[in-house]
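The lines below spell out each chain.
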Amino acid sequence: MTILLNWLFVISAFAIEPMDPKSMCSERMVEKKEIQLCELKTSQLKLDWYAATACHAINDNQKFMKCLKGIAGGEFNIEALNRCVEKVDDSDDSIHSCIVSLKDKRSPASKGAFQTLQIKKKPTSKSK
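Quick caveat, the model's predicted, so the values are computed rather than measured. (Residues numbered from 1 in each chain as written. Predicted model: local features only at pLDDT ≥ 70, side-chain atom pairs only at ≥ 80, totals over all residues. Heavy atoms only, no water.)

**Student:** Whenever I open this one, the nonpolar core confuses me. Can you help?
**Tutor:** Note on soluble globular proteins: their nonpolar side chains tend to be buried together. With 24 residues, the main nonpolar core has C55, F64, L68, I71, F76, L81 and I99 as its most contacted residues. Broken down by secondary-structure element, the contributors of at least two residues to this core are helix 2 (21–28), helix 3 (32–44), helix 4 (49–55), helix 5 (61–71), helix 6 (78–85) and helix 7 (92–101). Among the elements that make up this core, the one with the highest residue count is helix 5 (five residues). Not counting chain neighbours up to four residues away, the residues in contact with I99 comprise A51, A54, C55, C67, I71, F76, L81 and C84. (Core = buried A, V, L, I, M, F, W, Y, C linked by side-chain atoms within 4.5 Å. Buried < 20%, exposed > 50% of the residue type's maximum accessible area, 1.4 Å probe, protein only. Helix = DSSP H or I, 4+ residues; strand = E, 2+ residues; numbered from the N terminus. Contact = heavy atoms within 4.5 Å.)

Right, here's the structure in full:
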């Protein structure tokens, strides 16, 4: 039981907690002008909060903004995003390419992820 609980803790340690991308700007940027520009861009882009939070793992601010532009309008698999940011010593470029490579790889239920039930009647033949 203890091993199972420890294993669950390790898995949840890498779970991304989504953040509002606009709030990341004040955490990352120093100058007021940069913060305002960042907030403007993040409010204009349609961003997945989980993917944006994964981009937040990138240290360089310019590469962070490039990552946000790269994920705009996309859908993402949360577990796969976790794998992009779980290694702390990864380079900004490897994190960025990992995140962007996952764009639109998610298969939502509305796109046919589940089988549909089809009932087909067999023709009945009446013979005398």
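**Student:** Please clarify how helix 2 should be interpreted in this entry.
**Tutor:** Owing to its 3.6 residues per turn, the α-helix aligns residues three or four sequence positions apart on the same side. Among the residues of helix 2, P21, M24, C25 and R28 are the ones counted as buried. Seen from one end, helix 2 has its buried residues packed into an arc of 110°, which puts them on one side. The elements touched by buried residues of helix 2 are helix 3, helix 4 and helix 5. (Arc of directions from axis to C-beta.)

**Student:** Help me understand the packing of helix 5 against helix 7 in this model?
**Tutor:** The relative placement of two packed helices is expressed as an angle between their axes plus a distance between the axes. Interaxial distance between helix 5 and helix 7 falls to 10 Å at its minimum, and their mutual angle equals 10°. Between helix 5 and helix 7, the angle is such that the two are roughly parallel. Residue-level inspection shows K63, K66, C67, G70 and I71 of helix 5 in contact with helix 7, the latter providing D92, D93, H96, I99 and V100. Of the residues in the contact of helix 5 with helix 7, the class split is four nonpolar, two polar and four charged. (Axes fitted to C-alpha atoms, helices over the stretch in contact; angles between N-to-C directions. Parallel < 35°, antiparallel > 145°, perpendicular 65-115°, else oblique. Nonpolar A, V, L, I, M, F, W, Y, C, P; charged D, E, K, R; others polar.)

**Student:** I tried to follow the state of the cysteines on my own but got confused; where do I start?
**Tutor:** Should the sulfur atoms of two cysteines be covalently bonded, the bond is a disulfide. Counted under the stated rule, the structure contains three disulfides. The side chain of C25 participates in a disulfide bridge whose partner is C38; the two sulfur atoms lie 2.0 Å from each other. Torsion about the S-S bond of the C25 and C38 cystine: about -70°, corresponding to left-handed handedness. One end of the pair, C25, is in helix 2; the other, C38, is in helix 3, and 13 residues separate them in sequence. C38 shares its class with C25; the two are buried. (Disulfide = S-S within 2.5 Å.)

**Student:** In this structure, what is going on with the side chain of H96? I would like to understand it.
**Tutor:** Positionally, H96 belongs in helix 7. By relative accessible area, which is 17% here, H96 ends up buried. With sequence-adjacent residues up to four places away left out, H96 is seen in contact with I58, K63, K66 and C67.

**Student:** What am I meant to see in the confidence of the model for the protein here?
**Tutor:** Detailed reading of the predicted coordinates is not advisable wherever pLDDT falls low. Taken over all residues, the pLDDT of the protein has a mean of 80, while the share at 70 or more is 70%. Taken element by element, the protein is modelled with least confidence in helix 1 (residues 2–13), mean pLDDT 42, and with most confidence in helix 5, mean pLDDT 95. Low confidence marks residues 1–13, where pLDDT is under 50. Its contacts with residues over four positions away, or in another chain, come to zero contacts. (pLDDT = per-residue confidence, 0-100.)

**Student:** Explain helix 7 to me, please; I cannot follow it from the model alone.
**Tutor:** Among the residues making up helix 7, those that are buried are D92, I95, H96 and I99. Viewed along the axis of helix 7, the buried residues span an arc of 100°, placing them on a single side of the element.

**Student:** In this structure, what is going on with the environment of H56? I would like to understand it.
**Tutor:** Mapped onto the elements of the fold, H56 is located in the loop between helix 4 and helix 5. Taking the C-alpha atoms as reference points, H56 and M24, 32 residues apart in sequence, are found 7.3 Å from one another. Other than its neighbours up to four places away in sequence, H56 contacts M19, M24, E27, R28 and F64.

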